[in-house]
Amino acid sequence: MAETARRVLILVVSGPSTPARCAAPFHIATLLACMDAEVTLYLTGEAAELACPGVAEALYADPDGAPVIHFVRQAKQAGAGLYLCRKPPAPGQAPTAPEALIDEVDDYGSGGELAAMILEYDKVLSL
Amino acid sequence: MKLDGLTFPDDRLYAPEHNLWLREEPDGEITLGLSDYGVALYGEIFAFTPKRIGLRIAAGRSFGVVEFAKAAAAAKSPLAGTVSAHNPQLEQRPALIHLDPYGEGWMIRLTPEDWPAARAQLLHGASAVAAFEREAERDGFNPDDTSVQAFRRGE
């Protein structure tokens, strides 16, 4: 029985208001990638704040544990992709520049692109 | 870099790039386990989840995931084969992987697809130790870190 690689999309919706939930999406992504799944993490809603420099460094899911950025980096090292849902810019403001994001972000896209990914992937999780 | 204190028994083969040892069993099955260097690198292991029996694993692909303090890593097979057995003891005592890596802590057995070709790529003896030392150099492994010996003693 040959194994077929699965594509898993994880919608990361937890952010700084619920720090205890912020490590799990990235840890699950690490485990899935270690099992040879093709994993994409998509930061959306409040989770988009994790892509701002300094936020994930200062956030702890467990006060005695590692900062959330540790779990982000581990997922990246295991092979997961990290994408960010781009908010429409406020009237009169420029869109978020890629250089204003942490280095771990691979790319960012629109809500429509996210919708297309949801339809395309084998599994979609919301964490 | 010297890996003082770590052992690499001569009666088996090694895949240093995957931190593993391998042994051909009398029935032709191949047993895989974590090497002493892998144990030193990962530290205390609290879970190992193997892929299911009967699944074909391509060379270089994961046969399971190892979870240790604050991290996880894919256990990648250096050879192609089909999962034929899991170590049943690890379900209850995954710590056997670091407590007895060359004995009761074996991880998985594979039915190899082309063992002669795979065996030719594996190392043993001094060449294996030298390769592990190169891996340690690349990993930035600190040989002065005595935590491995400490957790083996249960400290």
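Everything discussed here concerns the structure shown above.
Residues numbered from 1 in each chain as written. Chains lettered and ligands numbered in written order. Predicted model: local features only at pLDDT ≥ 70, side-chain atom pairs only at ≥ 80, totals over all residues. Heavy atoms only, no water.

1. Concerning the state of the cysteines
Residues and elements named next belong to chain A.
Next up, step 1: All chains considered together, the criterion is met by zero disulfides over all chains.
Next up, step 2: Cysteine cysteine 22 is unpaired, with the sulfur of cysteine 52 as its nearest cysteine sulfur at 13 Å.
Next up, step 3: You can see cysteine 85 has no disulfide; the closest cysteine sulfur is in cysteine 52, sitting 13 Å from it. (Disulfide = S-S within 2.5 Å.)

2. Observations concerning unusual backbone geometry
Next up, step 1: The residue aspartate 36 of chain A is not glycine, and still its phi comes out positive at about 75°.
Next up, step 2: Its location among the elements puts aspartate 36 of chain A in the loop between α1 (24–34) and β2 (38–43).
Next up, step 3: Residue class for aspartate 36 of chain A comes out buried when judged on its relative accessible area of 13%.
Next up, step 4: Positive phi is not limited to glycine here, since asparagine 19 of chain B has a value of about 65°.
Next up, step 5: Relative to the assigned elements, asparagine 19 of chain B resides in the loop between β1 (13–15) and β2 (20–24).
Next up, step 6: According to the relative accessible area criterion, asparagine 19 of chain B is buried, its value standing at 8%. (Helix = DSSP H or I, 4+ residues; strand = E, 2+ residues; numbered from the N terminus. Buried < 20%, exposed > 50% of the residue type's maximum accessible area, 1.4 Å probe, protein only.)

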